[in-house]
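Inside the fold
One-letter residues, chain by chain:
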Amino acid sequence: MKNVTWSSRFTKQIDAEVLEFSQSLSIDIVLYDVDIRVTIAHVEMLNKCGHINLSECKKILAGLRKVKKLADSGKLPWSVDYEDVHMNIENALVKNIGDLGKKIHLGRSRNDLVTTDLRLYLRDFIDIYLYKIRETKYVLATMAIEFSDSLFPGFTHLQIAQPVTFGHHLLAWNEMLSRDEQRLENTRKIINILPLGSAALSGTSLKIDRKMIAKKLGFDNVSKNSMDAVSDRDYVCDFAHNNAMIMMHLSRISEELVLWMNPQFGLVDMDEGFCTGSSIMPQKKNPDVAELIRGKTGSVYGSLMAILTLLKGLPLTYNRDMQEDKSLILESIDTTMACLSLLPRLIATLKLNKKKAEKMAGSSFSTATDLAEYLSKQGMPFRTSHHVVGKIVKFCEKESLELIDLSLKQLQKFSPLIGKDIFNVLGPEASVKARRGLGQTSPASVIKQADMILDNLKKYGFKK
Ligand code: ARG
């Protein structure tokens with residue numbers, strides 16, 4: 001009879017279409033490794049608490065290791081008849097060591113097992129993500145030093161606003177990723193709680209040692225309410241939210257790259273290995289990777305909404321609906337990981353068009369604020385300075401001049417407070433150099449900030 005696990009209560013075989021419809025093996029098969037890790041810890045606990053003897057324990061552990069080997073080498077005969085990865089592993093064990101294998105499910109249920117497995121699986125991914133994020137930060141901070149004094153146009157409303165250094169822009173991206181890093185570290189703490197021992201929903205009548213399992217599997221603590229423990233998928237939402245935020249950041253970065261690559265901007269060039277051509281227009285070099293990252297962000301947002309919606313109407317405790325969380329979070333992880341992996345490699349290939357960037361940085365009256373601040377330093381109230389400089393800009397616009405093109409005489413017509421030292425202020429280079437405070441755009445501030453980032457990354461193995 002199909003599905004021996006719960007078949008004795010049934011007189012009828014499960015409908016074949018229902019079996020196919022309800023199986024989760026095709027998705028949760030990736031959990032086999034964590035499922036075996038969890039089962040090993042559970043079996044050792046059963047032995048310590050006297051529910052199985054040492055020789056039984058050893059036989060089961062040897063059997064589990066064999067099952068893992070078979071699975072690793074692709075030789076385990078998986079079957080959807082056993083519904084999911086958990087039942088497949090248990091059945092494979094029984095096939096290998098006989099009825100003794102049937103003892104492993106004592107004191108637990110698939111309800112606490114599946115969420116324990118998933119927590120472990122996601123925790124491992126958080127660690128991989130953290131590495132990738134830090135690697136990207138390393139690339140950005142290293143490049144920021146290289147480009148600490150390279151002028152670049154700073155935009156607001158996508159209009160040239162003020163000159164910045166390219167290094168400063170790269171460090172802005174770094175800050176986004178630092179927040180992602182923090183969020184991931186917080187999510188790791190939320191994930192790292194052991195639900196096993198909650199059994200189906202109410203716990204078990206057996207004496208068990210949950211703390212021992214937690215310690216063996218590296219969980220920080222055990223869950224405190226068995227009903228909540230089997231029903232809680234907040235950590236899946238948190239992970240999906242992390243993915244959404246990371247993708248939002250990567251997408252914004254990608255959008256800038258697409259713009260900068262546009263010949264109208266012509267600010268950077270990307271390595272050809274990261275671009276594609278057109279099937280009809282021979283001249284094209286398109287920033288497809290950046291476009292695809294931007295495009296894939298939508299489906300990652302979608303996974304977050306889908307998981308939240310999946311949970312919103314569920315009563316305590318376990319409901320089969322929850323099985324659907326895995327395909328959603330796994331797909332969202334796949335996409336985010338692929339983007340997290342590619343983007344730093346692409347960024348590392350960027351070539352800055354220094355001439356163009358410098359020219360744009362000094363265009364569109366980008367140092368008008370410097371001029372206003374100059375006047376206020378001579379005692380003029382800022383609102384008045386703003387007004388005076390507005391008039392100067394209007395004049396320049398009419399005459400097709402930049403601020404730096406004006407003579408002292410012309411400038412003094414607008415305010416006698418302007419002296420010849422104004423020419424140390426109006427250039428884009430002077431503008432960025434003057435912004436020396438913490439987190440500002442001067443080359444010195446950028447180097448200081450990038451150094452701090454690199455110092456911090458040392459403890460994760462990234463050499464300066
Ligand atoms: N395949 C199920 C899931 O992923 C495992 C838990 C099944 N529990 C149950 N009572 N049917 O959620």
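Read on for an overview of the structure. These numbers come from a predicted model, not from an experiment.

Let us look at the pairing of strand 1 (residues 151-156). In this sheet, strand 2 (residues 159-165) lies alongside strand 1 in antiparallel orientation, the contact comprising six bridges. From the neighbouring strand, Phe152 faces strand 2, where its bridge partner is Val164.

Take the nonpolar core next. Leu122 and Leu257 are the most contacted members of the largest nonpolar core, which has 107 residues in total. At 15 residues, the largest contribution of residues to this core is made by helix 6 (residues 110-146). Apart from the residues within four sequence positions on either side, Leu257 is in contact with Trp173, Met270, Ala290, Leu343, Leu346 and Leu350. Counting residues in hydrophobic clusters, the runner-up holds 18 residues, among them Met380, Val388, Ile418 and Leu426.

Turning our attention to a nonpolar patch on the surface. On the surface, Leu201, Met227 and Leu316 cluster together into a nonpolar patch covering about 270 Å² of accessible area. Turning to its location among the elements, Met227 is positioned in helix 9 (residues 226-231).

Now for the side chain of Thr297. Position of Thr297 among the secondary structure elements: in helix 11 (residues 288-312). With residues up to four places along the chain from it excluded, the contact list for Thr297 reads Met247, Met248 and Ser251.

It is worth spelling out the packing of helix 6 against helix 7 (residues 166-191) at this point. At their nearest, the axes of helix 6 and helix 7 sit 9 Å apart, and the two run at 165° to each other. If you check the angle between helix 6 and helix 7, you find them roughly antiparallel. As for how helix 6 packs across helix 7, the hand of that crossing is left-handed. For the contact of helix 6 with helix 7, the per-class residue count stands at 16 nonpolar, five polar and nine charged.

Our next topic: the site of the ligand. Ser24, Asp84, Arg110, Asn111, Val114, Tyr318, Gln323 and Lys326 make up every residue found near the ligand. With respect to the ligand, the side chain of Ser24 contributes an N or O atom lying 3.1 Å from a nitrogen atom. The protein chains hide 86% of the 340 Å² of surface that the ligand would expose on its own. Here the shell around the ligand is built from residues that sort into two nonpolar, three polar and three charged.

Calculation criteria
Residues numbered from 1 in each chain as written. Predicted model: local features only at pLDDT ≥ 70, side-chain atom pairs only at ≥ 80, totals over all residues. Heavy atoms only, no water. Pairing = 2+ DSSP bridges. Helix = DSSP H or I, 4+ residues; strand = E, 2+ residues; numbered from the N terminus. Core = buried A, V, L, I, M, F, W, Y, C linked by side-chain atoms within 4.5 Å. Buried < 20%, exposed > 50% of the residue type's maximum accessible area, 1.4 Å probe, protein only. Contact = heavy atoms within 4.5 Å. Patch = residues over 30% accessible without salt bridge, like charges linked within 9 Å, V, L, I, M, F, W, Y side chains within 5 Å. Areas by Shrake-Rupley, 256 points an atom, 1.4 Å probe, with all protein chains shown as cover. Salt bridge = Lys/Arg side-chain N within 4 Å of Asp/Glu carboxyl O. Axes fitted to C-alpha atoms, helices over the stretch in contact; angles between N-to-C directions. Parallel < 35°, antiparallel > 145°, perpendicular 65-115°, else oblique. Left-handed = near helix turned anticlockwise from the far one by under 90°. Nonpolar A, V, L, I, M, F, W, Y, C, P; charged D, E, K, R; others polar. Near = heavy atom within 4 Å. Polar contact = N/O pair within 3.5 Å; in protein donor to acceptor, adjacent residues only side chain to side chain.

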